[in-house]
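Structural description and commentary
One-letter residues, chain by chain:
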Amino acid sequence: MDDSAPCCISIIGQNQFGEEAQPSPCPRRRPRISYLSVHLILREGSEMKRIPVFTLLLSASVFGVCLGLNCSSAIAEPERISLWNGKAPAGEGKTVKADAFVTVHRPSKPNGTSMVICPGGGYGFLVMGAEGHGIAKWLNQHGITGIVLQYRLPRGNRFVPLLDAQRAIRLTRSNAAKWDCDPKKVGIIGFSAGGHLASTAATHFDKGKPDDPDPVNRQGCRPDFAILVYPVITMGRKTHGGSRANLLGRATGAETVNYYSNEKQVTAQTPPVFLAHAKDDRLVSADNSRLFYKAMKAHKVRGKYLELPRGGHGLNGYKGPMWDAWQTQSLRWLAAEKLVKRKK
């Protein structure tokens, strides 16, 4: 403010706790503004007085604005969307009162690529932070739209996670224009048991129903590519026992076990896949990734397997050189697949 001016108008953003929101560079870091206060600044001698004129309750993201922060563009707030509107399929033609959700994280400069994100948790819970919203933010930094999937846990019904993942892929294609996505560049990424779900979606898919009254169901659910990080793949001898128990329960017949052993479901139609696994993972053996990659090569499916020398399950708590390595290598692979721009 000009000290020589007798008065001026001051616009002050406040967060939900009533604290003044401090300016920060846009679009990466911006204050969450919940109140907009307009003050009249009066000069009386050597003192300045701030007189509140009015206050508005608002969310800055609703108006798509950044106040006084020299922003060239604003980032849309993540949008949480119901997949089933409270009436979800349960498999075998049945429906139940239940739902699943996606949270759409849109980048400031989208490149058209999008990814459905499947957090892990052994099919018993969901690691929504580090393996969900944290991944979406990382993808956003590279122009990729991140769609975090809060899928239903099996709880005795093995059908529901895959139904949710397939619906999320269809929904992304159905909203491609709205979300600035290319419907031919919709991928899926999963971690641990979420990697099993992602690999299941990459090997179990259909072309949609063109005459379905629901426009979402008209879309195909085959992902265009997949990234699997320390994934559970098999339901056979090398599986993670907890994930198998939570997904299959007592359904241990050979047909069911083979159906969800995704190394046995790879075909020439399987999309390109990038895998990463630590050699010393004692929770989910790296043999899971090795089995899937071997099947990919047998069917001439494009892809890459990055076997890390250490890091265990979760790669040292989602940080450090091993965590950085899979992210760096996967971005290079995505660039080779022409899904992101290659760094100069």
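Residues numbered from 1 in each chain as written. Predicted model: local features only at pLDDT ≥ 70, side-chain atom pairs only at ≥ 80, totals over all residues. Heavy atoms only, no water.

Overview of the confidence of the model for the chain
When the pLDDT values of the chain are averaged, the result is 85; 78% of them are 70 or greater. The secondary-structure element of the chain with the lowest mean pLDDT is helix α1 (residues 60-63), recorded at 37, while strand β8 (residues 114-118) shows the highest, at 99. Counting interchain partners and residues more than four positions distant, the pLDDT-below-50 stretch residues 1-44 has 110 contacts. This stretch, residues 53-73, has a pLDDT under 50; its non-local contacts, to residues over four places away or in other chains, come to 36 contacts. (pLDDT = per-residue confidence, 0-100. Helix = DSSP H or I, 4+ residues; strand = E, 2+ residues; numbered from the N terminus. Contact = heavy atoms within 4.5 Å.)

Considering the pattern of salt bridges
The full count for this structure, using the stated rule, is 9 salt bridges. Arg-290 is paired through a salt bridge with Glu-307; the nearest N and O atoms lie 2.8 Å apart. On the criterion of sequence distance, the pair formed by Arg-290 in helix α7 (residues 287-298) and Glu-307 in strand β13 (residues 303-308) is long-range, its members being 17 residues apart. Among the residues examined, Glu-307 registers a relative accessible area of 31% and is labelled partly exposed. For Glu-337, the salt bridge is made with Arg-302, and the minimal N-O distance between the two is 2.7 Å. One end of the pair, Glu-337, is in the segment after α9 (321-336); the other, Arg-302, is in the loop between α7 and β13, with 35 residues separating them in the sequence. If you follow the salt bridges from partner to partner, you end up with Lys-238, Asp-287, Arg-290 and Glu-307 in one network. (Salt bridge = Lys/Arg side-chain N within 4 Å of Asp/Glu carboxyl O. Buried < 20%, exposed > 50% of the residue type's maximum accessible area, 1.4 Å probe, protein only.)

What to know about the sheet that holds strand β12 (residues 273-278)
Reading across from one edge, β4-β7-β9-β8-β10-β11-β12-β13 is the order of the 8 strands in this open sheet, with mixed pairing throughout. Among the strands making up the open sheet, the edge pair consists of β4 (79-82) and β13. On average, each strand axis in the sheet is tilted by 15° relative to the strand beside it, whichever way the strands run. (Pairing = 2+ DSSP bridges. Axes fitted to C-alpha atoms, helices over the stretch in contact; angles between N-to-C directions.)

Side note on the pairing of strand β10 (residues 186-191)
For β10, the tally of buried residues reaches 6 of 6 residues, placing the bulk of the element in the interior. Side-chain alternation along β10 places Val-186, Ile-188 and Gly-190 on one buried face and Gly-187, Ile-189 and Phe-191 on a second face that is also buried. Where β8 and β10 come together, 5 bridges link them in parallel fashion. Its bridge partner being in β10, Val-116 is matched across the sheet by Ile-188. Looking at chain direction, β10 and strand β11 (residues 225-229) are connected through 5 bridges and run parallel.

A few points about the nonpolar core
Formed by 80 residues in total, the largest nonpolar core has its most connected members in Val-102, Ile-135, Leu-149, Ile-227, Leu-315, Trp-326 and Leu-334. The residues contacting Leu-334, other than those within four sequence positions of it, are Ile-144, Phe-225, Ile-227, Leu-339 and Val-340. (Core = buried A, V, L, I, M, F, W, Y, C linked by side-chain atoms within 4.5 Å.)

Considerations on the pairing of β8
Burial within β8 is extensive, with 5 of its 5 residues counted as buried. Residues Ser-114, Val-116 and Cys-118 point to one face of β8 and Met-115 and Ile-117 to the other, with burial holding for every one of them. As a crossover connection, the stretch from β8 through helix α2 (residues 129-140) into strand β9 (residues 145-150) is right-handed. (Right-handed = clockwise from strand over helix to strand, strands pointing away.)

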